[in-house]
Each structure stands twice: as structure tokens, then as C-alpha cells.
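Report on the structure
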Amino acid sequence: QVELVESGGGVVQTGGSLTLSCAASGSIWNAYNMAWFRQAPGKEREFVAGFSWSGVDTFYADSVTGRFIISRNANSYEINLRMDALKPEDTAVYYCAARASSFTDYRQKDSYDYWGQGTQVTVSA
């Protein structure tokens, strides 16, 4: 069974920090590449952070580079997103996603096969 479950969202003031977690079933962890996306009201879902297919390298959207850090824990089948220096424009529903193919563009939401239910992050001014 394929399953992604996010947690860690909440309300934080500008400049604050949050850490999101995504728990993945073992079948996903071994065969899929994972990433974080977000969707603000009235906007398209956008790439936030992800890993290279080998899991060694990390990639970030320009808007979060230097503030967010993605990490993975193979022991617990989790990926995390540490978010610092949060801004009101970071307010969105954050989704964990998994893709099966290395030939797709990791930045495109259509490349991903499975999605979590999302977790709300609200940054107040």
C-alpha cells in the first residue's frame, strides 16, 4: 500500500520556524523519489524542495533557497522540511509527493505519482 502522511504544519509569526515531516510506506521509500510542493490559495501547486534520484543531492525553489532544508531519514522512512525565516508568502498547504520515474522533471507536479493529504502552514505578518 502506497501512503504518504504529512505532519507539522501550523501558525507561526513572520521570521519564525517550522519543521514538516512526511512518513512514507516502505514500498515508496525504496522505489520512489520524493519532494515537497506547496499550494497557496488561488495559485498553482509549486515545487519547494526535493532530492536527486540517488538521494545525495538536494534542490530548492529560488524562493526558499537559504531558508528551507530538506532531509531524509532512511531508518524511519521520513523526509523532513525545516523552514526558517518564514514569510507571509510562504503561507500554503504543503504536500509531500513521490515519483516513480527518473526520466521526469522533478520540478513539475505532473511528474509525481503519489501525494499526501497536505498540511497547512500559515505565516502571520
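Look up a bit, the structure's there.
In short, a report on the structure. Note that the structure is a prediction, hence the values are computed from the model and not measured. (Residues numbered from 1 in each chain as written. Predicted model: local features only at pLDDT ≥ 70, side-chain atom pairs only at ≥ 80, totals over all residues. Heavy atoms only, no water.)

1. Topic: the state of the cysteines
Taken as a whole, this structure holds one disulfide when the rule is applied. At a sulfur-sulfur separation of 2.1 Å, the disulfide partner of Cys22 is Cys96. As the torsion about the S-S bond is roughly -75°, the Cys22-Cys96 disulfide counts as left-handed. Taken together, the residues span a long stretch of sequence, with Cys22 in strand E3 (residues 18-24) and Cys96 in strand E9 (residues 92-99) at a distance of 74 residues. In this structure Cys96 comes out as buried when scored by relative accessible area, which is 0%. (Disulfide = S-S within 2.5 Å. Helix = DSSP H or I, 4+ residues; strand = E, 2+ residues; numbered from the N terminus. Buried < 20%, exposed > 50% of the residue type's maximum accessible area, 1.4 Å probe, protein only.)

2. Some points on the pattern of salt bridges
All chains considered together, the criterion is met by six salt bridges. The salt bridge involving Asp105 is made with Arg107; its shortest N-O contact spans 3.0 Å. Connected via shared salt-bridge partners are Arg38, Glu46, Arg67 and Asp90. (Salt bridge = Lys/Arg side-chain N within 4 Å of Asp/Glu carboxyl O.)

3. Remarks on the pairing of strand E8 (residues 78-83)
Examined bridge by bridge, E3 and E8 share six bridges and lie antiparallel to one another. Bridging from a neighbouring strand, Thr19 pairs with Arg82 of E8. In sequence, strand E7 (residues 68-73) turns back onto E8 through a hairpin of four residues, with Tyr77 there showing a positive phi of about 55°. (Pairing = 2+ DSSP bridges.)

4. A closer look at the sheet that holds E7
Strand order in this open sheet of four strands is E1-E3-E8-E7, and the pairing throughout is antiparallel. At either margin of the open sheet sits one strand with a lone partner, and together these are strand E1 (4-7) and E7. Pairwise comparison of adjacent strand axes, ignoring direction, gives a mean angle of 15° for this sheet. (Axes fitted to C-alpha atoms, helices over the stretch in contact; angles between N-to-C directions.)

5. Focus on the environment of Phe59
Inspection of the secondary structure assignment puts Phe59 in strand E6 (residues 58-60). You can call Phe59 partly exposed: its relative accessible area is 26%. In this structure, the C-alpha to C-alpha distance between Phe59 and Tyr106, residues 47 residues apart in sequence, is 9.1 Å. Once residues lying within four places of it in the same chain are set aside, the contact partners of Phe59 are Phe47, Val48, Ala49, Gly50, Phe51, Ser52 and Tyr106. (Contact = heavy atoms within 4.5 Å.)

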